[in-house]
Amino acid sequence: MDGARTPQTPPVLILLGPPGAGKGTQARMLEKEFGLVQLSTGDLLRAAVAAGSDAGQAAKAVMEAGGLVSDDIVLAILRDRLAAGDCAKGVILDGFPRTTAQAEALDEMLAEAGQRINAAILLEVDDVKMVVRIAGRFTCRACGEGYHDTFKAPKVADTCDCCGAQAMNRRADDNPKTVMSRLDAYHEQTAPLIAYYTDKGVLRRVDAMQEIAAIQGAIGALARTVVA
Ligand SMILES: [Zn+2]
C-alpha cells in the first residue's frame, strides 16, 4: 500500500473563469484524470434538499420563502459533502466562494477539517477575443450543427453545410454587448478573490485562450502538484 495515494486531507481546488472559458470541460477532465469530484453550489443545494439533511432542510425552508440561502447553510452543506467517501481524492469547487467573506469563511471551515484550498486555478481570457469567440457563434436550427462567423462560416452564407437548411439561429444573449457586460461583471466579482488567493499563495494562472488540449495540459500539470 502506498500511503501517499490516500491522503487524509483531500485536496480542494477552485476553478475561476468567466462563462465561455471552458470551465465545465476542464472540470470534467480533472474528474476523469484525477478522480476529483466537481461540487457546484446549485447541485450541492439540490442534493442536500433531496437528502433531507439538517442543512438541506434549512436551505429548503429559505428557498421556499423566496430567500437566498445563507453562507452558513452553504458551508454546512459543503462540509457534509466533503466528508463523503466519493470526495476522498479531492474536489473542485464551482460557483463558491464568490466573495472574499465567503472565501474567509470557507478557509475557516476547511481548517477545522484539517483541509485547505490547495489551488485556485484562474482561467485567464482576453476579453476582446472572448467577445469575438462567443458573439460569433450560431447554429443550424434544423440539424444542430454549430458555426462561427470567424472560425467556421458555412460555405454558402446562411445555408447549413450539413443539411442545406436556411435556419441559422443566434442566441439573443450571445450578442457582443451582452457578452462584454457579462465579462465586466465577472471581472468585478472575481478581482477580490484573485487578490485573496494570490495573498494566500495558491493562485495559479492558466492561459485559457490556448487550444483546449494545451489548457488541459497546463491544468493537469498544476493538478499533479497538489493531488496525491
Ligand atoms: Zn443543418
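Here the residue numbers are simple positions, counted from 1 along each chain's written sequence. Under the rules for a predicted model, residues below a pLDDT of 70 receive no local features and side-chain atom pairs below 80 are neither given nor counted, while totals for whole chains, interfaces and linings still include all residues. Derived side-chain values reflect all non-hydrogen atoms in the structure, with water molecules and hydrogen atoms excluded from consideration.

K.L.:
Help me understand the overall build of the protein, please; the structure alone is not making it clear to me.
P.N.:
Numbered from the N terminus, helices here are DSSP runs of H or I no shorter than four residues, and strands are runs of E no shorter than two. When helices and strands are tallied, the protein shows eight helices and eight strands. Once the C-alpha set of the protein is aligned to its principal axes, its extents read approximately 60 × 45 × 35 Å. The buried label goes to any residue with under 20% of its type's maximum accessible area, the exposed label to any with over 50%, and the partly exposed label to all in between, with areas taken from a 1.4 Å probe on protein chains only. Out of the 228 residues belonging to the protein, those deemed buried represent 40%. Contacts are assigned to residue pairs with any non-hydrogen atoms lying within 4.5 Å of each other. By sequence separation, contacts in the protein at least 24 residues apart represent 68% of the contacts at least 6 residues apart. Neither His nor the chain termini are counted; the positive set is Lys and Arg, and the negative set is Asp and Glu. One atom stands in for each charge, and that atom is NZ of Lys, CZ of Arg, CG of Asp or CD of Glu. With 25 positive and 29 negative side-chain charges, the protein shows a spacing of 5 Å between the two charge centroids.

K.L.:
Can you help me understand helix H7 (residues 176-199) in this one?
P.N.:
It helps to recall that an α-helix has 3.6 residues per turn; residues three or four apart then point in one direction. One fewer than the residue count of a helix, multiplied by 1.5 Å, yields its expected span. Counted at 1.5 Å a residue, the expected span for H7 with its 24 residues is 34 Å, and the 34 Å between its end C-alpha atoms agrees. The seven residues ending at a residue and the seven starting there each receive a fitted axis; the angle between those axes is the bend at that residue. Along its length, H7 shows its largest kink, about 35°, at Thr190, and proline Pro192 lies within four residues downstream of that point. Val179, Leu183, Tyr186, Thr190, Leu193, Ile194, Tyr196 and Tyr197 are the residues of H7 that are buried. Close packing links the buried residues of H7 with strand S1 (12-16), helix H5 (100-112), strand S4 (117-124), helix H6 (127-135) and strand S8 (203-207).

K.L.:
Looking at this structure, how should I read the packing of helix H4 (residues 71-82) against H5?
P.N.:
To characterise two packed helices, one gives the angle between the axes of the helices and the distance between these axes. For every element, the axis is a line fit to its C-alpha atoms; helices are fit only across the contacting stretch, and the angle between N-to-C directions ranges from 0 to 180 degrees. One way to put it is that H4 packs onto H5 with a least axis distance of 11 Å and a crossing angle of 35°. Judged by the sense of rotation from one axis to the other, the crossing of H4 with H5 is right-handed. Across the interface between the two elements, Asp71, Leu75, Leu78, Arg79 and Leu82 from H4 touch Gln102, Ala105, Leu106, Met109 and Leu110 from H5. Gly counts as polar in this scheme, as do all residues outside two lists: the nonpolar Ala, Val, Leu, Ile, Met, Phe, Trp, Tyr, Cys and Pro, and the charged Asp, Glu, Lys and Arg. Across the contact of H4 with H5, the residue classes break down as seven nonpolar, one polar and two charged. We call a crossing left-handed when the near helix sits turned anticlockwise from the far one by less than a right angle, and right-handed when that turn is clockwise.

K.L.:
In this structure, what is going on with the coordination of the zinc ion? I would like to understand it.
P.N.:
In an ideal tetrahedron of four donors about a metal, each angle is 109.5 degrees. In an ideal octahedron of six donors, the angles are 90 or 180 degrees. Taken together, Cys140 (SG), Cys143 (SG), Cys160 (SG) and Cys163 (SG) make up the protein donors of the zinc ion, found 2.3 Å from the metal. Donor criterion used throughout: N, O or S atom within 2.8 Å of the metal, extended to 3.2 Å for Na, K and Ca. Water excluded; incomplete-looking sites may result. Think of it this way: with four donors and all angles in the 85 to 135 degree range, the site is tetrahedral; with four or six donors, opposite ones beyond 155 degrees and the rest between 65 and 115, it is square planar or octahedral; otherwise it is irregular. Around the zinc ion sit four donor atoms; with metal-centred angles ranging over 104 to 115°, the donor geometry is tetrahedral. What makes Cys143 partly exposed here is its relative accessible area of 39%.

K.L.:
Mind showing me how you'd approach the sheet that holds S4 here?
P.N.:
Whether parallel or antiparallel, the strands of a sheet pair through hydrogen bonds between backbone atoms. Spatial ordering of the open sheet is given by S2-S3-S1-S4-S8, a layout of five strands whose pairing is parallel. On the outer flanks of this sheet lie strand S2 (37-40) and S8, each paired with one strand and no other. The sheet shows a mean angle of 25° between the axes of neighbouring strands, direction not considered. We call two strands paired when DSSP finds no fewer than two bridges between them. Here five bridges tie S1 to S4, and the two strands are oriented parallel to one another. Of the residues in S4, the one forming a bridge with Leu13 is Ala119. Against the sheet, helix H2 (residues 41-51) touches S2 and strand S3 (91-94), its axis set at about 85° to S2.

K.L.:
Would you mind going over the packing of H5 against H7 with me for this structure?
P.N.:
Orientation of H5 relative to H7, taken along the N-to-C sense of each, is 35°, at an axis distance of 9 Å. Contact with H5, carried on its side by Thr100, Ala103, Glu104, Leu106 and Asp107, involves Pro192, Leu193, Tyr196 and Tyr197 of H7 and no other residues of that element. The residue inventory of the contact of H5 with H7, partitioned by class, reads six nonpolar, one polar and two charged.

K.L.:
For this particular structure, what's the right way to read the pattern of salt bridges?
P.N.:
Working definition: two side chains of opposite charge can pair if their charged atoms are close together. Basic side-chain nitrogens of Lys or Arg form a salt bridge, by our definition, when they fall within 4 Å of a carboxyl oxygen of Asp or Glu. For the structure on display, the rule yields 14 salt bridges. A salt bridge links Arg224 to Glu33; its shortest N-O distance comes to 3.6 Å. With Arg224 in helix H8 (residues 212-226) and Glu33 in helix H1 (residues 23-34), this pair connects stretches of sequence that are 191 residues apart. Using a relative accessible area of 48% as the deciding quantity, one classes Glu33 as partly exposed. With a closest N to O distance of 2.6 Å, Arg205 and Glu124 form a salt bridge. Taken together, the residues span a long stretch of sequence, with Arg205 in strand S8 and Glu124 in strand S4 at a distance of 81 residues.

K.L.:
How should I be thinking about the packing of aromatic side chains in this particular structure?
P.N.:
Each aromatic ring pair is characterised by the separation of its centres together with the angle its planes make. When the centres of two rings from Phe, Tyr and Trp lie within 6.5 Å, Trp using its six-membered ring, the rings pair. Their planes under 30 degrees apart give stacked, over 60 give edge-to-face, and anything left gives tilted. This model, assessed by the stated rule, comprises two aromatic pairs. Considering the side-chain rings of Phe138 and Tyr147, the 5.8 Å spacing of their centres and the 20° angle between planes classify their relative orientation as stacked. Under the relative-accessibility criterion, Tyr147 is labelled buried at 4%. Geometrically, the ring pair formed by Tyr196 and Tyr197 is edge-to-face, given 5.1 Å between the ring centres and 90° between the ring planes. With respect to class, Tyr196 is no different from Tyr197; both count as buried.

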